[in-house]
Amino acid sequence: MIPAKFLLIVLTALVANVAAFPLQHGHVRRSHPARLPARNVRRSTCRKFITVTNTPDSNLLVTSSSSTTPAAAPTTTKAASSSTTKAATSTTTKSSSSTSTTLTEGSGSGGGSVSNLFPAGRGTSSWSMAPGASNGVPLADSSFRPEKVLRSVVHTYTKAPDGKAALKAHYPKGSYTFGHDPQGGFSFYAPGPSSVDLTKAKEATFGYSVFFPNGFDPVLGGKLPGFYGGDNDEVSTSCSGGRRDDRCFSVRLMWRAKGAGEFYTYLPPSQSANKKICSIPNSDCNDTYGASIGRGSFTFPNGQWTTVSERVKLNDVGQANGEIELFANGKSVINVKGLVLRTSAAGRIRGLQMQTFFGGSKPQFASTKDTDAYFSDFSVAVTQAL
């Protein structure tokens, strides 16, 4: 009988020889354990918060800073603007569950930065309907406090084609001025929020943004809102529609053919100092209607917001030292000094002449089709008190 100890030694030797022998198919038995299949490993990555700046040449300048949050694809928002827009900055972040856009006082939604609405600063008092602006008030009649509303046309609070909250004007085909049918646009006068008293202002600014949709036909031109003023509330609304009076003034804007922009003014007609506006390049004066000043100094493009702001400074009584200045997307495009806007101490800035319509007094100005325009970001500042 073979001892059990001897059999154990023989079996151990056989196992060792087999382990060292090659296996079939060219594989070799390895002494280390097999590797487990690779698996995805979750890693923490560095997330970038993207700041998009809309530069004057409409290119996008992208800067970034880092933080240690899980990576997520950023979204980018570009505000529509014309080629002369100042830098407007918005910061957009995206998480796995939501996307949010934060507007700051230095930024604006459409048409550029909020600062473009206040080219002379906030002064002693101000209000704004622009999203993200301080001293904000609603885009609503409760803020405008409309007076002398033309009921045959309506102003509607709605959304512009890009979704921005806006005041809409509708111009039916064939409409021009308010003296012909069909009528289009809107018309009312507005002192604005009671927190800002324009009658105490020696200098003030009025800014807003305008959106003409793609396909908008400017024809020969149309009126846009601006400041009005005068010796009292009644006479102050008399300087428009071919009516002139030394006791009132209006400083509005117009769009012209091909979207050309300009100042459109009624100033005291007896004051020779005011004739200087007629010598400004691309200006047109007449003895009946308002003066077209600096036509084509900027352009209203279709399909994007344009921010305009006017600065009006009253003259000292008996002196020709009044001023008017127009800004387009933050850039001064017309600046006239040495004017007379009032002939007595009773002359004041009274409010906003909220009017828009096609015209011109001739049928050649009439809208060629049903069309709309959108207005937003209305803002006012008293930059110098009387």
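Just so it is clear, the structure is predicted and the values come from calculations on it, not from any experiment.

A separate point is the overall build of the chain. Of the regular secondary structure elements, the chain holds 2 helices and 18 strands. Of all 386 residues assigned to the chain, the portion counted as buried reaches 46%. A fraction of 69% describes how many contacts in the chain between residues 6 or more apart in sequence connect residues 24 or more apart. Element-wise, carbon and sulfur atoms account for 54% of the exposed surface of the chain, whose accessible area totals about 19,000 Å².

On to the confidence of the model for the chain. Summing up the model confidence of the chain, the mean pLDDT is 80 and the portion of residues at 70 or higher is 71%. Predicted confidence for residues 15-104 stays below pLDDT 50, and this span has 118 contacts to residues more than four positions away or in other chains. pLDDT under 50 marks residues 106-110. Its contacts with residues more than four places away, or in other chains, come to 20 contacts.

If you walk through the whole model with that rule in mind, you get 23 aromatic pairs. With a centroid separation of 5.7 Å and 85° between ring planes, the pair formed by Phe-212 and Phe-300 is classed as edge-to-face. Residue Phe-212 is located in the loop between strand S9 (201-211) and strand S10 (221-230), and its partner Phe-300 is located in the loop between strand S13 (291-299) and strand S14 (305-313); the two are separated by 88 residues in the primary sequence. Both residues of the pair, Phe-212 and Phe-300, belong to the buried class. Relative accessible area serves as the criterion here: at 4%, Phe-300 is assigned to the buried category. Its guanidinium or amino end placed over the ring of Phe-118, Arg-122 lies 3.9 Å from that ring's centre, counting from NZ or CZ. Seen from the ring of Trp-305, Lys-164 lies directly overhead, with NZ or CZ sitting 5.5 Å from the centre.

Here we come to the pattern of salt bridges. Using the criterion set out here, one finds 10 salt bridges in the structure. The shortest N-O distance in the salt bridge between Glu-323 and Arg-311 comes to 2.9 Å. Of this pair, Glu-323 sits in strand S15 (residues 322-328) while Arg-311 sits in strand S14, and the two are 12 residues apart along the sequence. Residue Arg-311 is classed as buried on the basis of its relative accessible area, which comes to 7%. Via salt bridges that share partners, Glu-203, Arg-311, Glu-323 and Glu-325 belong to a single interconnected network.

Covalent bonding between the sulfur atoms of two cysteines is what defines a disulfide. In the structure shown here, the tally under the stated rule is 2 disulfides. One disulfide in the model links Cys-239 with Cys-248; its S-S distance is 1.9 Å. Between Cys-239 and Cys-248 the disulfide shows an S-S torsion of about 80°. By sign, it is right-handed. Looking at Cys-248, the relative accessible area reads 0%, which means it is buried.

Moving on, we come to the side chain of Thr-205. Looking at the element boundaries, Thr-205 is found in strand S9. Once you skip the residues sitting within four places of it in the chain, Thr-205 turns out to touch Leu-117, Phe-118, Ala-120, Phe-227, Ser-309, Glu-310, Arg-311, Ser-379, Val-380, Ala-381 and Thr-383.

Picture the strands of a sheet paired through backbone hydrogen bonds; they go either parallel or antiparallel. Spatial ordering of the open sheet is given by S8-S17-S10-S11-S12-S13, a layout of 6 strands whose pairing is antiparallel. Strands at the two margins of the open sheet, each flanked by one partner only, are strand S8 (186-190) and S13. Adjacent strand axes in the sheet meet at a mean angle of 15° when their direction is disregarded. Relative to strand S12 (residues 260-266), strand S11 (residues 248-256) runs antiparallel, the two being bridged by 6 bridges. Note that in S12 the partner of Ser-250 across the bridge is Tyr-266.

Bringing the layout of surface pockets into the picture now. Of the volumes computed, that of the largest pocket is approximately 610 Å³. Lining the largest pocket are 28 residues, and of these Lys-223, Gly-241, Tyr-264, Tyr-266 and Tyr-289 sit closest to its centre. Contributions of two or more residues to the lining of the largest pocket are made by S11, S12, S13 and strand S17 (348-358). Of the residues forming the lining of the largest pocket, the biggest block, 3 residues, is contributed by S11. Partitioned by chemical class, the residues of the lining of the largest pocket number 8 nonpolar, 12 polar and 8 charged. Arg-244, Asn-274, Lys-275, Cys-278 and Asn-286 are, among the 17 residues lining the second largest pocket, the residues nearest its centre. Within the lining of the second largest pocket, the residues separate by chemical class into 9 nonpolar, 5 polar and 3 charged.

So, how was this worked out
- Residues numbered from 1 in each chain as written.
- Predicted model: local features only at pLDDT ≥ 70, side-chain atom pairs only at ≥ 80, totals over all residues.
- Heavy atoms only, no water.
- Helix = DSSP H or I, 4+ residues; strand = E, 2+ residues; numbered from the N terminus.
- Buried < 20%, exposed > 50% of the residue type's maximum accessible area, 1.4 Å probe, protein only.
- Contact = heavy atoms within 4.5 Å.
- Areas by Shrake-Rupley, 256 points an atom, 1.4 Å probe, with all protein chains shown as cover.
- pLDDT = per-residue confidence, 0-100.
- Phe/Tyr/Trp six-rings, centres within 6.5 Å; stacked < 30°, edge-to-face > 60°.
- Lys NZ or Arg CZ within 6 Å of the ring centre and 35° of its normal.
- Salt bridge = Lys/Arg side-chain N within 4 Å of Asp/Glu carboxyl O.
- Disulfide = S-S within 2.5 Å.
- Pairing = 2+ DSSP bridges.
- Axes fitted to C-alpha atoms, helices over the stretch in contact; angles between N-to-C directions.
- 1 Å grid on protein atoms, 1.4 Å probe; cavity = no way out; pocket = protein on both sides within 12 Å on 5 of 7 lines; lining within 4 Å.
- Points joined across faces, edges and corners; volume = space filled by probe spheres on them.
- Nonpolar A, V, L, I, M, F, W, Y, C, P; charged D, E, K, R; others polar.

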